[in-house]
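Here is what each chain is made of, one letter per residue.
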Amino acid sequence: MKAHNVKVAKVDGMKNRVLMKRFGVTGFPSLYLLRNGQTWQYSGMRGVADMKAFALEGYKKATPLPFHKAPNSIMGRAVGMLHSFPALTKRGYDFLKEEKGFSDMSIIAGVLLIPLTIGAVFICVLDAMYTRQPHFDHQHYE
């Protein structure tokens, strides 16, 4: 397949659950062709000759996955990031807890402080932008 510029990858879905969610895998084996920003799911025979024919020319006769389901589209990448958020959170917690030695309470306080700070800054910015300036156009009599 190298001669035809087709790369084949084997992924352990049980170890790469985020990738499974991103591709919408519901069963094994699942075969996908990603080419020119589009994705095709292969559902033909599992013989090498059949899969090779699909990868080289057969995909042109098939319908690619819609934009919102294609894992290599912007939407698919966003979904992948969304699915990876819990694992990133867990890694961040483990780093702060075990490597930096923070207590659970300090981690929770730090996490709660982030949106509180962002909200306060947002309120200050809105207040500065939209607060009415006083008008001193009336006369004072003494």
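Quick caveat, the model's predicted, so the values are computed rather than measured.

Once that is clear, we can look at the overall build of the chain. Within the chain, the secondary structure is distributed over four helices and two strands. Taken over the C-alpha trace, the chain has a radius of gyration of 27 Å; the compact-globule value for 142 residues is 14 Å, which it surpasses by more than 25%. With the C-alpha coordinates aligned to their principal axes, the bounding extent of the chain is approximately 100 × 50 × 25 Å. Relative to its 142 residues, the chain shows a buried fraction of 15%. Looking at the chain alone, contacts between residues at least 24 apart form 39% of all its contacts between residues at least 6 apart. Of the roughly 12100 Å² of accessible surface on the chain, 64% is carried by carbon and sulfur atoms. Of the charged side chains in the chain, 19 are positive and 10 negative, and the gap between their average positions amounts to 20 Å.

Quick notes on the rules
Residues numbered from 1 in each chain as written. Predicted model: local features only at pLDDT ≥ 70, side-chain atom pairs only at ≥ 80, totals over all residues. Heavy atoms only, no water. Helix = DSSP H or I, 4+ residues; strand = E, 2+ residues; numbered from the N terminus. Rg over C-alpha atoms; globule rule 2.2 N^0.38 Å. Buried < 20%, exposed > 50% of the residue type's maximum accessible area, 1.4 Å probe, protein only. Contact = heavy atoms within 4.5 Å. Areas by Shrake-Rupley, 256 points an atom, 1.4 Å probe, with all protein chains shown as cover. Lys, Arg positive; Asp, Glu negative; His and termini not counted. Charge placed at Lys NZ, Arg CZ, Asp CG, Glu CD.

Any functional reading would require information beyond the geometric quantities listed.
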